[in-house]
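The chain contents come next:
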Amino acid sequence: MSIYRIAVAEGDSIGPEIVRASMEVLNSLQDAFLNDIKLDFKEVEVGWKGIKSQGSSLPDESVKRMEASDGLILGPLDVGRYPAGDPGGPSPSGKIRKHFDLFANIRPTVSYGINKNYPNGEVNLVIVRENTEGFYADRNMFMGSGEFMPTNDVAMAVRVVTRKGSQRIIREAFKIAASRMQHVTAVHKANVLKISDGLFLQVFKEISEEFHSFKADDKIVDAMAFDLLLNPQKYDVIVTTNMFGDILSDEAAGIAGSLGLAPSLNSGDNFAMAQAVHGSAPDIAGKGIANPIAEILSCGMLFQWLGNRHNDSRLLKMSHMIDEATRKLIIKRENLTPDLGGKGNTESITKGIINKLTEVNK
Ligand code: ATP
């Protein structure tokens, strides 16, 4: 019997609804198909739960529990509303990324034909976003903040691009492309940011030479924002720096048709965190209509990462079953949530995916 320890933080607003839905899917997978694996889920407090019980959106005790785990499932966080001076602030997810050195943020986009503006085949691409440096003031400095005000009227932000940071994210992109269409596109603004994005692009060109059989090209970020809307089917794996990746992946989620379809994994060498791309959606919290698909698919990505790391084909199978069951449900448009144009709810999607697991158990 193999045991995998997974920390679970439900997060805020719709977080508990979609994380519980994900747990239902994972538990039924385990019970029905994976008798020789134990998924040991341990709840950890992050977000409002932590603030209320321990005065921090990221209590030390929660971090210790994560350290004792193989991975983390994290619900969306309502960071904008946390009290000033919160020791977990400004962003618990950013702190977790930094603490575990989760340098890769992997954000797939699959359209499943939901967005009728793309009738000529499915959009299926992955954005691989550098996660530890760039413009993100909460994580790009060893000490202090990368954002500061020298005077009352001047605000500055420092953008960090390193050779090591670029190398590891670009290698990750080629690794992901190896099991896809073997096409990697680097996105940058090296025509203006000649030194920082120049370094990123130079590293991309060096590494792409190691992958002779792959197609490797690059695009300036503004041209990419335009082309992604018009021709998303042209792309396979897109690799880019932190903020460009953040923005382009939301654009890609729009192309797919809903933020509720956009999963993501934050991964490092020794730890990974599953978290949907979307925020905590306070406008629909408690109504039972939150789409759990992005969180469920993020969990599937975590099990794929764990399967590769531990060379455990059972976990890879589990991840594949989650993908396939979800795909079947979406394509048949069965009881989907309102964000996908349906009349269903969180529960109907969850039950629908669970029912389809048997069909995809091959
Ligand atoms: P936050 O302040 O936490 O970022 P937000 O509402 O500003 O929250 P998102 O949570 O990303 O930002 O939501 C943007 C819009 O997309 C909202 O109208 C929200 O209801 C909708 N949305 C986001 N996630 C989902 C989901 N899983 N299911 C259905 N609708 C969603």
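Residues numbered from 1 in each chain as written. Predicted model: local features only at pLDDT ≥ 70, side-chain atom pairs only at ≥ 80, totals over all residues. Heavy atoms only, no water.

Focus on the site of the ligand
Heads up, the condition is: We call a residue near a molecule or strand when any one of its heavy atoms sits within 4 Å of it. N or O atoms within 3.5 Å of each other form a polar contact, as long as, within protein, one can give a hydrogen and the other can take it, and as long as residues adjacent in sequence are counted only when both atoms are side-chain atoms. Throughout, the Shrake-Rupley method with a 1.4 Å probe supplies accessible areas, and for residues the shown protein chains are the sole cover considered. Here the nonpolar group is Ala, Val, Leu, Ile, Met, Phe, Trp, Tyr, Cys and Pro; Asp, Glu, Lys and Arg are the charged ones; every other residue, Gly included, is treated as polar.
As a structural note, the neighbourhood of the ligand is formed by 15 residues, with Gly279, Ser280, Ala281, Asp283 and Asn291 the closest of them. In the environment of the ligand, a nitrogen atom lies 3.2 Å from a nitrogen or oxygen atom belonging to the side chain of His278. At 2.8 Å from an oxygen atom of the ligand is found a main-chain nitrogen or oxygen belonging to Gly279. Relative to its unbound accessible surface of 610 Å², the ligand loses 65% to contact with the protein. Grouping the constituent residues of the shell around the ligand by class yields seven nonpolar, five polar and three charged.

What about helix H11 (residues 346-357)?
Test applied: Secondary structure counts use DSSP, requiring at least four H or I residues in a row for a helix and at least two E residues in a row for a strand, with both numbered from the N terminus. Given the number of residues in a helix, its expected span is that number minus one, multiplied by 1.5 Å. With a 1.4 Å probe rolled over the protein chains alone, any residue whose accessible area is under 20% of its type maximum counts as buried; one over 50% counts as exposed, and the rest are partly exposed. We call two residues in contact whenever any of their non-hydrogen atoms come within 4.5 Å of each other.
A rise of 1.5 Å per residue sets the reference length of H11, with its 12 residues, at 16 Å; its end C-alpha atoms lie 17 Å apart and thus fit the reference within 8%. Along H11, the positions that sit buried rather than exposed are Thr346, Ser348, Ile349, Thr350, Gly352, Ile353, Lys356 and Leu357. Looking at the buried positions of H11, the neighbouring elements they touch are helix H1 (15-33), helix H9 (293-309) and helix H10 (313-331). Here H11 starts with a cap whose side-chain oxygen sits 3.1 Å from the backbone nitrogen of Glu347, and that cap is Asn345.

Points about the sheet that holds strand E12 (residues 272-274)
Rules: A strand pair is defined by DSSP finding two or more bridges across the two strands. Interaxial angles span 0 to 180 degrees and are taken between N-to-C directions of axes, which are lines fitted to C-alpha atoms, for helices over the stretch in contact.
Strand order in the open sheet formed by 10 strands is E2-E1-E3-E12-E11-E4-E5-E10-E8-E9, with mixed pairing between adjacent strands. Edge strands, defined here as strands with exactly one partner in the open sheet, are strand E2 (37-43) and strand E9 (215-220). Averaged over all pairs of adjacent strands, the angle between their axes in this sheet comes to 25°, without regard to strand direction. Pairing analysis gives four bridges linking strand E5 (residues 124-130) to strand E10 (residues 237-240), with the strands arranged parallel. Note on E10: the bridge partner recorded for Val126 is Val237. On top of the sheet, helix H8 (residues 242-256) reaches strand E4 (104-110), E5, strand E8 (183-188) and E10; it is set at about 160° to E5, its chief contact.

Some points on the packing of aromatic side chains
Geometry of an aromatic ring pair is reported as the spacing of the ring centres plus the angle between the planes. Selection criterion: Only rings of Phe, Tyr and Trp enter the pairing, Trp through its six-membered ring, and a pair is recorded when the two centres are within 6.5 Å. The plane angle decides the type: under 30 degrees is stacked, over 60 is edge-to-face, the rest tilted. Charges are assigned to positions over rings by a cutoff of 6 Å between ring centre and Lys NZ or Arg CZ, combined with an angular limit of 35 degrees from the ring normal.
One pass over the structure, following the stated rule, counts six aromatic pairs. Aromatic rings pair up to connect Phe174, Phe204, Phe211 and Phe214 into one cluster. The ring of Tyr136 carries Arg129 above its face, with NZ or CZ at 5.3 Å from the centroid. A cation over an aromatic ring shows up here: Arg159 above the ring of Phe244, its NZ or CZ 5.4 Å from the ring centre.

Points about unusual backbone geometry
Working note: non-glycine residues mostly have negative phi, and peptide bonds are mostly trans. Residue Gly89 is joined to Pro90 through a cis peptide bond whose omega torsion reads 0°. Locating Pro90 in the fold gives a position in the loop between strand E3 (71-74) and helix H4 (92-99). Of note, Asp101 is a non-glycine position whose phi angle comes to about 50°, a positive value. On the secondary structure map, Asp101 appears in the loop between H4 and E4. Judged by relative accessible area, which is 32%, Asp101 ranks as partly exposed. Here the phi dihedral of Asn311 falls at roughly 50°; this positive angle occurs in a residue that is not glycine. Relative to the helices and strands, Asn311 resides in the loop between H9 and H10.

Notes on the packing of H10 against H11
Convention followed: In this scheme the crossing of two helices becomes right-handed for a clockwise turn of the near helix relative to the far one and left-handed for an anticlockwise turn of less than a right angle.
Where H10 meets H11, the closest approach of the two axes is 8 Å, and the angle between their N-to-C directions is 115°. Like other packed secondary-structure pairs, H10 and H11 cross with a definite hand, here right-handed. Residue-level inspection shows Met321, Ala325, Thr326, Lys328 and Leu329 of H10 in contact with H11, the latter providing Ile349, Gly352, Ile353, Lys356 and Leu357. Its residues placed into classes, the contact of H10 with H11 shows six nonpolar, two polar and two charged.

Let's talk about the environment of Arg327
The topology assignment puts Arg327 in helix H10. Classification of Arg327 by relative accessible area gives partly exposed; the value is 23%. Residues Arg327 and Lys356, spaced 29 residues apart in sequence, show a C-alpha to C-alpha distance of 9.6 Å. Those residues in contact with Arg327 that sit more than four places away from it in its chain are Val110, Tyr112 and Glu122.

What to know about the pattern of salt bridges
Convention followed: The working definition used for a salt bridge is a side-chain nitrogen of Lys or Arg within 4 Å of a carboxyl oxygen of Asp or Glu.
For the structure shown, the criterion picks out 20 salt bridges. Put simply, Glu10 and Lys49 hold a salt bridge, and the shortest N to O gap is 3.3 Å. Taken as a pair, Glu10 in the loop between strand E1 (2-9) and H1 and Lys49 in helix H2 (residues 48-54) lie far apart in primary sequence, 39 residues in all. Judged by its relative accessible area of 12%, Glu10 is buried. For Lys49, a relative accessible area of 34% puts it in the partly exposed group. We note a salt bridge from Asp36 to Arg314, for which the minimum N-O separation is 3.2 Å.

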